[in-house]
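Reading the structure
The primary structure of each chain is shown beneath.
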Amino acid sequence: MAFKLPGIFRREFFRNVATLVSGTTFVQIIAILIYPVLSRIYTPDDFGLFGLYMSIISITAIIATAKYEMAIMLPRKEEDAINLLGVSVSISAIITLFLMVVIIFFNRPICMVLGNEALSPWLYFVPLSTLLVGLFQSFKLYANRNKRYRLITGANMGQSLTNSATKLSVGPLVKGPAGLIAGTILGQLIGALIFIVPGLKKNRKNLALITRSKMAGLSKQYNLFPRFNMFQGVVNNLSVALPIFIFNSFFTTAIAGFFTLGYSIIHRPMNLVATAFYQVLSQRIIERYNKGQRIYPEIKKFLYRLLQLVTIPFIMVAIFAPAIFRVVFGQEWEEAGKYTQIIIPWLFMISLTMPLSFIPDMFRRQKKAMILDVIRFILRAISLIVGILKNDVYLGLMLFSTSSTVMIMYSLLWYISLVRRLDREKIKHGAWGMEHGVGEGGVNERLGEL
């Protein structure tokens, strides 16, 4: 019997996902394949310090744009979208200058709080990384709005290849985490430039539409993003980074390094696929919403297919992770495999939920999403504190993974309930099926009625 893909994976949707995934799969495979080499060039302590640096960037990058880049997808008018891009980029520049001042004057106190004085020279690169990530994210969302998936693929490829090449070439020459951090920064730079240079050429006319008054008006109109999404993003990324901060401060940098490698090995390929689905699915669902078409059948088919795609790989990792890490990365990295086993349920739920994480934004339910992240952060902190008090890394990680899995599962069910409720209400009132049933304000006006 012939195998048929669900409707959502045929034609344009699948082609767009394939464009995003296939173009970067090769370089992502390279990025993963070099880890056995990197694990023999860099020590667990090096990975621990690198993980600490990346954890800081994951938080400052959220503040860098105040999450206004997430709003770029929503307006129907191109003028509004390009001005939101201007808002996001402007905030990135301001936050970068602020971070430079803070790190220059408070470098040592920050290192003392984080429990690792070896971080001191690398803190000075945090503002640059923050700016580059802010620019990359802003221009990527603008490209995604305009379905420029080949450009997104090119930027992802440039970033990943530069990152990998630098880590391999610098590592044997300079001791410590210099190669790991330098690879990240150069990769961020190349990725941002690939977006910016053609973006400036292609959108010259649109760039002329950016005005200070328009940016000010839109920043107020979409103030839910800095009010809720930014805080939510900081809390979420901080809670993800908690193990690294805790392990550096209360255990050892090497333990943080084991966690960093284990998390990275699973997260990189998972993030590649999930991000591609997020980019295409968010654009498709918002477009269908603006056209007055049903949403829930699309979401249901998508989740069914995604579940088929990811279940077996995660089960295999859950069973064989320690053996895989011992053989592939070396005997000393078997501990990283044990950590990976513990956090697999959490990562599995992320792979299912991340592609749908735009739904609270679309429904303007950022406040509840933020509250859920705050609760998750508190539960994760309590979990790791128990591990500290018991002096048991495994116990802390088990509680961390369990609480994270339960909370993310609840979020997924909430996303589905929002979509189902909307479809039921619109069917009841005969509102679905109108090809042009949306006013000039698009999704924002209609969501305001809910």
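In what follows, the structure referred to is the one given above.
Sequence positions are assigned chain by chain, starting from 1 and proceeding in written order. Totals for whole chains, interfaces and linings use every residue, but because this is a predicted model, local features are given only for residues with pLDDT of at least 70 and side-chain atom pairs only at 80 or more, for both listing and counting. With hydrogens and water stripped out, all remaining heavy atoms of the structure feed into the side-chain values.

A short note on the overall build of the chain
Put simply, the test is: Secondary structure elements follow DSSP: runs of H or I no shorter than four residues count as helices, runs of E no shorter than two count as strands, and numbering proceeds from the N terminus. Each residue's exposure class comes from its accessible area (1.4 Å probe, protein chains only) as a fraction of the maximum for that residue type: buried when under 20%, exposed when over 50%, partly exposed otherwise. Residue contacts are counted whenever heavy atoms from the two residues lie within 4.5 Å of one another. Surface accessibility follows the Shrake-Rupley procedure with a 1.4 Å probe radius. Residue values consider only the protein chains on display as shielding.
Across its full length, the chain holds 18 helices and zero strands. For the chain, buried positions account for 56% of its 450 residues. For the chain, the share of sequence-separated contacts (at least 6 apart) that also reach a separation of at least 24 residues comes to 83%. Carbon and sulfur atoms make up 66% of the accessible area of the chain, which amounts to about 19,900 Å² in all.

Looking at the packing of helix α3 (residues 44–65) against helix α6 (residues 126–145)
Worth spelling out the cut-off: Simply put, an axis is a line fit to the C-alpha atoms, just over the touching stretch for a helix, and the angle between two N-to-C directions goes from 0 to 180 degrees. For classification purposes, an angle smaller than 35 degrees is called roughly parallel, one larger than 145 roughly antiparallel, one from 65 to 115 roughly perpendicular, and anything else oblique. Should the near helix be turned anticlockwise from the far one by less than a right angle, the crossing is left-handed, and should it be turned clockwise, the crossing is right-handed. Gly is placed with the polar residues, together with every amino acid not listed as nonpolar (Ala, Val, Leu, Ile, Met, Phe, Trp, Tyr, Cys and Pro) or charged (Asp, Glu, Lys and Arg).
Viewed as axis vectors pointing N to C, α3 and α6 meet at an angle of 55°, and their least axial separation amounts to 8 Å. On the basis of their axis angle, the class for α3 and α6 is oblique. Relative to α6, the crossing made by α3 is right-handed. Contact residues: α3 offers Tyr-53, Ile-56, Ile-57, Thr-60, Ala-61, Ala-64 and Thr-65, while α6 offers Val-126, Ser-129, Thr-130, Val-133, Gly-134 and Ser-138. Counted by class, the contact of α3 with α6 contains seven nonpolar, six polar and no charged residues.

Focus on the packing of α3 against helix α4 (residues 78–114)
At a closest axis distance of 9 Å, the pairing of α3 and α4 adopts a crossing angle of 145°. When the axes of α3 and α4 are compared, the crossing they make is right-handed. Facing Leu-52, Ile-56, Thr-60, Ile-63, Ala-64 and Thr-65 of α3, the residues of α4 in contact are Ser-88, Ile-91, Ser-92, Ile-95, Leu-99 and Leu-114. Class assignment of the residues belonging to the contact of α3 with α4 gives a composition of eight nonpolar, four polar and no charged.

With respect to unusual backbone geometry
The phi dihedral of Ala-66 is positive, around 55°, even though this residue is not glycine. As for its position among the elements, Ala-66 is in the loop between α3 and α4. Its relative accessible area of 7% is what places Ala-66 among the buried residues. For Lys-67, which is not glycine, the phi dihedral falls at a positive 65°. Note on placement: Lys-67 falls in the loop between α3 and α4.

Structural notes on a nonpolar patch on the surface
Just so we agree on the cut-off: A patch consists of residues whose relative accessible area exceeds 30% and which take part in no salt bridge; residues with like charges are grouped when within 9 Å of each other, and nonpolar side chains (Val, Leu, Ile, Met, Phe, Trp, Tyr) when within 5 Å. Definition used for salt bridges: Asp or Glu carboxyl oxygen within 4 Å of a side-chain nitrogen of Lys or Arg.
On the surface, a nonpolar cluster with roughly 930 Å² of combined accessible area is contributed by Leu-97, Met-100, Val-101, Ile-104, Phe-105, Phe-106, Tyr-124, Phe-125 and Leu-128. The residue Leu-97 is located in helix α4 in this model.

Considering helix α11 (residues 224–250)
Just so we agree on the cut-off: Expected helix span is taken as 1.5 Å per residue step, with the number of steps being one fewer than the number of residues. To get the bend at a residue, fit one axis to the 7 residues ending there and another to the 7 starting there, then take the angle between the axes.
With 27 residues, α11 ought to run about 39 Å at 1.5 Å a step, and its terminal C-alpha atoms sit 37 Å apart, in line with that. Where α11 bends most, the angle comes to about 50°, and this point is Ala-241, followed within four residues by the proline Pro-243.

Regarding the side chain of Ser-411
Looking at the secondary structure, you find Ser-411 in helix α17 (residues 393–428). Contact partners of Ser-411, with chain neighbours within four places excluded, come to Leu-372 and Arg-376.

What to know about a positive patch on the surface
For clarity, the cut-off: None of His or the chain ends enter the tally, which takes Lys and Arg as positive and Asp and Glu as negative. Where a charge sits is defined by one atom per residue type, namely NZ (Lys), CZ (Arg), CG (Asp) or CD (Glu).
Residues Lys-300, Arg-365, Arg-420, Arg-421 and Arg-424 make up a contiguous surface patch of positive charge. No other element matches α17, which puts three residues into the positive patch. Residue placement: Arg-424 occurs in helix α17.

What about the pattern of salt bridges?
Two side chains of opposite charge can pair, provided their charged atoms sit close to one another. This model, assessed by the stated rule, comprises six salt bridges. Two residues, Arg-376 and Asp-373, come together in a salt bridge whose shortest N-O distance is 2.2 Å. Of this pair, Arg-376 and Asp-373 both sit in helix α16 (residues 366–390), three residues apart, which is roughly one turn of that helix. A relative accessible area of 7% places Arg-376 in the buried class. Overall, the relative accessible area of 4% leaves Asp-373 in the buried class.

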